[in-house]
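# A structural walkthrough
For reference, the chains in residue letters:
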Amino acid sequence: MTDMKVPQGARQLRELALSAACAAALRAAARLGVADALGDDPASVDEIARAVKVDAGALRRLLRGLSSHGIFAEAAGDRFAHTDASRLLREDTPGGLRYTTLWATEPWTWELWPRLDEAVRTGRSQFGDLHGKGFFEYLHEDAPESAVVFDQAMTQASALSARALVDVLDLHGVAVVADVGGGQGGVLRALLERSATLRGVLFELPEVIANADPQLRPGGPFADRVRLVAGDCRREVPVEADLYLVKNVLEWDDESTVATLRAIASSGRPGARVVVVENLIDGSPELRFTTAMDLLLLLNVGGRKHTRDGLEALIGQAGLALDEVKAVNSYLHMFTCVVPD
């Protein structure tokens, strides 16, 4: 009998070619609150549909598609249950990824991906050609709801990595830590929670500082140990600290990366440490995630994820002395540098 099995290569290519369906299904589930409507026990499609006010037949198709990827699990009796992955779509899950999922599937992403061939042809961002302005300018001027999602996604990403980073970051001899481009301050807050004597500075763009973690703002429990400083780290970092943390910030073009590191080096006293934390596109167990982010950065800001050698070279161009490189977890590496004499 002739073997009618579809070759693995063909199966893989067909699935990848239609992988936008999976991303869209994740977005739909997150926006509809499907994960929030499902409790600890399996529930019928009809029960979930009533809870989120959608068509039961269409919801069944959505859940079936997601369950084929391990997001929710199909149970007997036309019921579905949570998996570890689907729980991360819940609003109340510690370390959840609901907003990360929404950010990665915002409307502007769907407009950009079809232009990837042009980005590869030219080696430059396509966002300006599409919208007539830069990515962050567009977010805050034309898509404020997407800007909110972006900030929440960055907060979730920080929460996911903060614990691992706090566990490996050496704070010996550090009285003041400056989190440069630290978003709403999730990592800085975790560091302050770890040390009762540590003081911190959150340096970010004005519109981000305005929405900093309430625990860091006036009236919050850490307000007396934190300064909130607004500015653009590519121009100057007018902050003096013992340790400068730069986590998932150096993702623009190489010129901007070097400019940021030089700005820090010019403000830091000799011997101050500069800790750069980034996803690398080599030597990472999460290569699919990191390389996908690398392509999205090419499209939206003309940026990149780095190789280890590439980032080491940029650190050297900025005049910093590289001391050590080590893994933080499965997708982050930490480059510890020193401001030279």
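Predicted model, so just to flag it, every value in this text is computed and none were measured. (Residues numbered from 1 in each chain as written. Predicted model: local features only at pLDDT ≥ 70, side-chain atom pairs only at ≥ 80, totals over all residues. Heavy atoms only, no water.)

## Comments concerning the sheet that holds strand S3 (residues 79–81)
- Taken in spatial order, the three strands line up as S1-S3-S2 in an open sheet, and their pairing is antiparallel. The open sheet has two edge strands with one neighbour each: strand S1 (43–44) and strand S2 (73–75).
- The pairing of S2 with S3 spans three bridges and is antiparallel. Each bridged residue has a counterpart across the sheet, and for Ala 75 the counterpart in S3 is Arg 79.
- Lying on the sheet, helix H5 (residues 56–67) is in contact with S2 and S3; it crosses S3 at an angle near 45°. (Pairing = 2+ DSSP bridges. Helix = DSSP H or I, 4+ residues; strand = E, 2+ residues; numbered from the N terminus. Contact = heavy atoms within 4.5 Å. Axes fitted to C-alpha atoms, helices over the stretch in contact; angles between N-to-C directions.)

## Here's the deal with the nonpolar core
- With 37 residues, the main nonpolar core has Leu 59, Phe 72, Trp 103 and Trp 108 as its most contacted residues.
- Leave out the neighbours within four places in its chain, and Trp 103 touches Trp 108, Thr 109, Val 149, Phe 150, Ala 153, Met 154, Met 293 and Leu 296.
- Counting 33 residues, the second largest nonpolar core, distinct from the first, contains Val 201, Val 239, Phe 335 and Val 339. (Core = buried A, V, L, I, M, F, W, Y, C linked by side-chain atoms within 4.5 Å. Buried < 20%, exposed > 50% of the residue type's maximum accessible area, 1.4 Å probe, protein only.)

## Re unusual backbone geometry
- With a phi angle near 75°, Phe 72 is a residue other than glycine that sits in the positive phi range.
- Judged by relative accessible area, Phe 72 falls into the buried class, the value being 1%.
- In this structure, Asp 78 takes a positive phi of about 60° despite not being glycine.
- With respect to the helices and strands, the residue Asp 78 is situated in the loop between S2 and S3.
- For Asp 78, a relative accessible area of 32% corresponds to the partly exposed category.

## A few points about helix H12 (residues 144–168)
- Across its 25 residues, H12 extends 36 Å between first and last C-alpha, which sits within 8% of the 36 Å expected from 1.5 Å per residue.
- Residue Ala 162 marks the point of greatest curvature in H12, where the axis turns by about 40°.
- Along H12, the residues that are buried comprise Ser 146, Ala 147, Val 149, Phe 150, Asp 151, Ala 153, Gln 156, Ser 158, Ser 161, Ala 162, Leu 165 and Val 166. (Expected span 1.5 Å × (residues − 1). Bend = angle between axes of the 7 residues up to and from the residue.)

## Some thoughts on the pattern of salt bridges
- Inspection of every chain in the model, using the stated rule, returns 18 salt bridges.
- Asp 78 is the partner of Arg 60 in a salt bridge, and the nearest nitrogen-oxygen pair spans 2.8 Å. Taken as a pair, Arg 60 in helix H5 and Asp 78 in the loop between S2 and S3 lie far apart in primary sequence, 18 residues in all.
- Here Glu 141 and Lys 133 are joined by a salt bridge, their closest N and O atoms 3.0 Å apart.
- Counted as one network, the salt bridges with shared partners bring together Lys 133, Glu 141 and Asp 142. (Salt bridge = Lys/Arg side-chain N within 4 Å of Asp/Glu carboxyl O.)

## Here we look at the packing of aromatic side chains
- In this structure the tally under the stated criterion is ten aromatic pairs.
- Here the aromatic rings of Phe 135 and Phe 136 are separated by 5.0 Å at their centres, their planes lie at 70°, and the arrangement is edge-to-face.
- Each member of the aromatic cluster is reached from another via a ring pair, and the members are Trp 103, Trp 108, Phe 127, Phe 135, Phe 136, Tyr 138 and Phe 150.
- A cation sits over an aromatic face here: Arg 98 above Tyr 99, 5.2 Å from the ring centre.
- The ring of Trp 252 has Arg 234 sitting right over it, with the charged end atom 4.9 Å from the ring centre. (Phe/Tyr/Trp six-rings, centres within 6.5 Å; stacked < 30°, edge-to-face > 60°. Lys NZ or Arg CZ within 6 Å of the ring centre and 35° of its normal.)

## Quick notes on the environment of Ala 49
- Following the sequence through the fold, Ala 49 ends up in helix H4 (residues 45–52).
- With residues near it in sequence (within four places) discarded, Ala 49 still touches Val 54, Asp 55, Ala 56 and Leu 59.

## Thoughts on the sheet that holds strand S7 (residues 243–247)
- Spatial strand order, S6-S5-S4-S7-S8-S10-S9: seven strands in an open sheet with mixed pairing. The open sheet has two edge strands, strand S6 (226–230) and strand S9 (321–327), and neither has a second partner. Averaged over all pairs of adjacent strands, the angle between strand axes in this sheet comes to 20°, irrespective of strand direction.
- In this structure, strand S4 (residues 176–180) lies alongside strand S5 (residues 199–204), joined through five bridges in parallel fashion. Looking at the pairing, Val 177 lines up with Gly 200 of S5.
- In the packing of helix H15 (residues 254–267) onto the sheet, the strands contacted are S4, S7 and strand S8 (273–278), and the crossing angle to S7 comes to about 170°.
- Here helix H17 (residues 308–317) sits on the sheet in contact with S8, S9 and strand S10 (333–338), set at roughly 20° to S10.

## Quick word on the packing of H15 against H17
- At their nearest, the axes of H15 and H17 sit 8 Å apart, and the two run at 50° to each other. Taken together, the axis directions place H15 and H17 in an arrangement best described as oblique. Relative to H17, the crossing made by H15 is right-handed. Contact with H15, carried on its side by Asp 254, Thr 257, Val 258, Leu 261 and Arg 262, involves Leu 314, Ile 315 and Gln 317 of H17 and no other residues of that element.
- Its residues placed into classes, the contact of H15 with H17 shows four nonpolar, two polar and two charged. (Parallel < 35°, antiparallel > 145°, perpendicular 65-115°, else oblique. Left-handed = near helix turned anticlockwise from the far one by under 90°. Nonpolar A, V, L, I, M, F, W, Y, C, P; charged D, E, K, R; others polar.)

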